[in-house]
Amino acid sequence: MKTNILVIGGTGKTGRKVAQKLNALDYNVRIGSRSANIPFDWNKSETWAPALEGMEKVYITFQPDLAVPGAKEAILQLADLAIKSGIKKVVLLSGKGELEAEACEKIIMDSGIDYTIVRASWFSQNFSESFFIQPILEGHVALPKPEAQVPYVDTDDISDVVVAALTSDDHARQLYELTGPRTLTFEEVVDEISKATGRKIGFTPISLEEYISFLEGAGVPADHVWLINYLFGNVLDAPGNNRISNDIEKVLGRKAKDFSQYVTETAKTGVWNQTQEAAV
Ligand SMILES: NC(=O)c1ccc[n+]([C@@H]2O[C@H](COP(=O)([O-])OP(=O)(O)OC[C@H]3O[C@@H](n4cnc5c(N)ncnc54)[C@H](OP(=O)(O)O)[C@@H]3O)[C@@H](O)[C@H]2O)c1
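Residues numbered from 1 in each chain as written. Predicted model: local features only at pLDDT ≥ 70, side-chain atom pairs only at ≥ 80, totals over all residues. Heavy atoms only, no water.

**Digging into the overall build of the protein**
Consideration 1: Scanning the protein from terminus to terminus reveals 13 helices and eight strands.
Consideration 2: For a compact globule of 280 residues, the expected C-alpha radius of gyration is about 19 Å, and the protein comes in at 19 Å, within 12% of that figure.
Consideration 3: Principal-axis analysis of the C-alpha atoms places the extent of the protein at approximately 55 × 40 × 40 Å.
Consideration 4: For the protein, the residues scored as buried account for 52% of the 280 residues in total.
Consideration 5: Within the protein, residue pairs in contact and separated by at least 24 positions form 79% of the contacts whose partners lie at least 6 positions apart.
Consideration 6: Counting every atom, the protein has about 12,900 Å² of accessible surface; 51% of that belongs to carbon and sulfur.
Consideration 7: Separation between the mean location of the 28 positive side-chain charges and that of the 38 negative ones in the protein comes to 5 Å. (Helix = DSSP H or I, 4+ residues; strand = E, 2+ residues; numbered from the N terminus. Rg over C-alpha atoms; globule rule 2.2 N^0.38 Å. Buried < 20%, exposed > 50% of the residue type's maximum accessible area, 1.4 Å probe, protein only. Contact = heavy atoms within 4.5 Å. Areas by Shrake-Rupley, 256 points an atom, 1.4 Å probe, with all protein chains shown as cover. Lys, Arg positive; Asp, Glu negative; His and termini not counted. Charge placed at Lys NZ, Arg CZ, Asp CG, Glu CD.)

**A word on the site of the ligand**
Consideration 1: Around the ligand, the structure places 25 residues, and the nearest of them are Thr 11, Arg 34, Ser 35, Phe 62 and Asn 126.
Consideration 2: In the environment of the ligand, an oxygen atom lies 2.7 Å from a nitrogen or oxygen atom belonging to the side chain of Arg 34.
Consideration 3: Separating a nitrogen atom of the ligand from a side-chain N or O atom of Asp 41 is a distance of 3.1 Å.
Consideration 4: A total of 890 Å² of accessible area belongs to the ligand in isolation, and the protein chains cover 85% of it.
Consideration 5: Considered class by class, the residues forming the shell around the ligand number nine nonpolar, 12 polar and four charged. (Near = heavy atom within 4 Å. Polar contact = N/O pair within 3.5 Å; in protein donor to acceptor, adjacent residues only side chain to side chain. Nonpolar A, V, L, I, M, F, W, Y, C, P; charged D, E, K, R; others polar.)

**Some remarks on the sheet that holds strand S5 (residues 114-120)**
Consideration 1: One open sheet accounts for six strands, arranged S2-S1-S3-S4-S5-S7; its pairing is parallel. Whereas interior strands pair on both sides, the edge strands pair on one side only; in this sheet they are strand S2 (28-32) and strand S7 (174-178). Pairwise comparison of adjacent strand axes, ignoring direction, gives a mean angle of 15 degrees for this sheet.
Consideration 2: The pairing of strand S4 (residues 89-95) with S5 spans seven bridges and is classified as parallel. Note that in S5 the partner of Val 90 across the bridge is Tyr 115. (Pairing = 2+ DSSP bridges. Axes fitted to C-alpha atoms, helices over the stretch in contact; angles between N-to-C directions.)

Shown next, in the form of structure tokens:
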């Protein structure tokens, strides 16, 4: 019989690819998101049990981030419900360098359910599917922490590892740290995208205070500003956060995707050459 797998965040950056790959392997996939047929909303715990019903395995991507206040309580409650619903395996997407996320990892690890923790570095796709795309389209990126070296990881690799963890017993009770094969500064990222698209994109280092005031002035919601402040202030250049891991190769038997490959492939889609209006 086919395994039923709930993919929470199944239309998001990693969840979408996980769902596609599981479907291609003929698993029964249920998307867990606010817009799904059986809606799942992290802010409405009454939606969780119907989404879990009849499922055997779950891929958990929390929104907006495991570091936000209330995440620990939500993960605890979901883990409890997962046990009651008969879930046999959980794969949790976590963030590298986030102490609060590690507390959530521990809840899953101590829950008694079989688990795999996938602790990822910043996604390469943040520059094409998330908040960093806007300044790239505007032709000018201004960010704090210009010295930070980030081992960006590709969501193709993350989703391959998640699918392996969901479909094989080999990854039971494992914690994998997923990074790309090298680190880049923001300026190097902008330079690569600029060269690949043939567009002139500038980079200006600014202070974290300037960045936060800019976001507030642009009307970004307060909880989002809080998260950005946390990520830039506490996570980006935390000790060890630039460490390269070979866990992708360990799990998949091939090298992690280099940032340049991501840039070349993404440039071909035209996403960095669209009008700003089209990107919103
Ligand atoms: N981005 C990174 O660099 C990075 C790095 C490491 C770890 N992570 C972790 O990855 C996770 C996902 O982050 P992301 O920014 O990449 O997002 P994402 O996966 O692109 O998130 C979008 C998905 O979440 C769903 N969603 C949004 N709000 C929801 C809610 N309240 N309840 C249920 N589903 C909701 C969306 O569908 P609907 O709109 O239909 O609800 C969509 O399926 C976070 O826990 C983050 O900490 C991210």
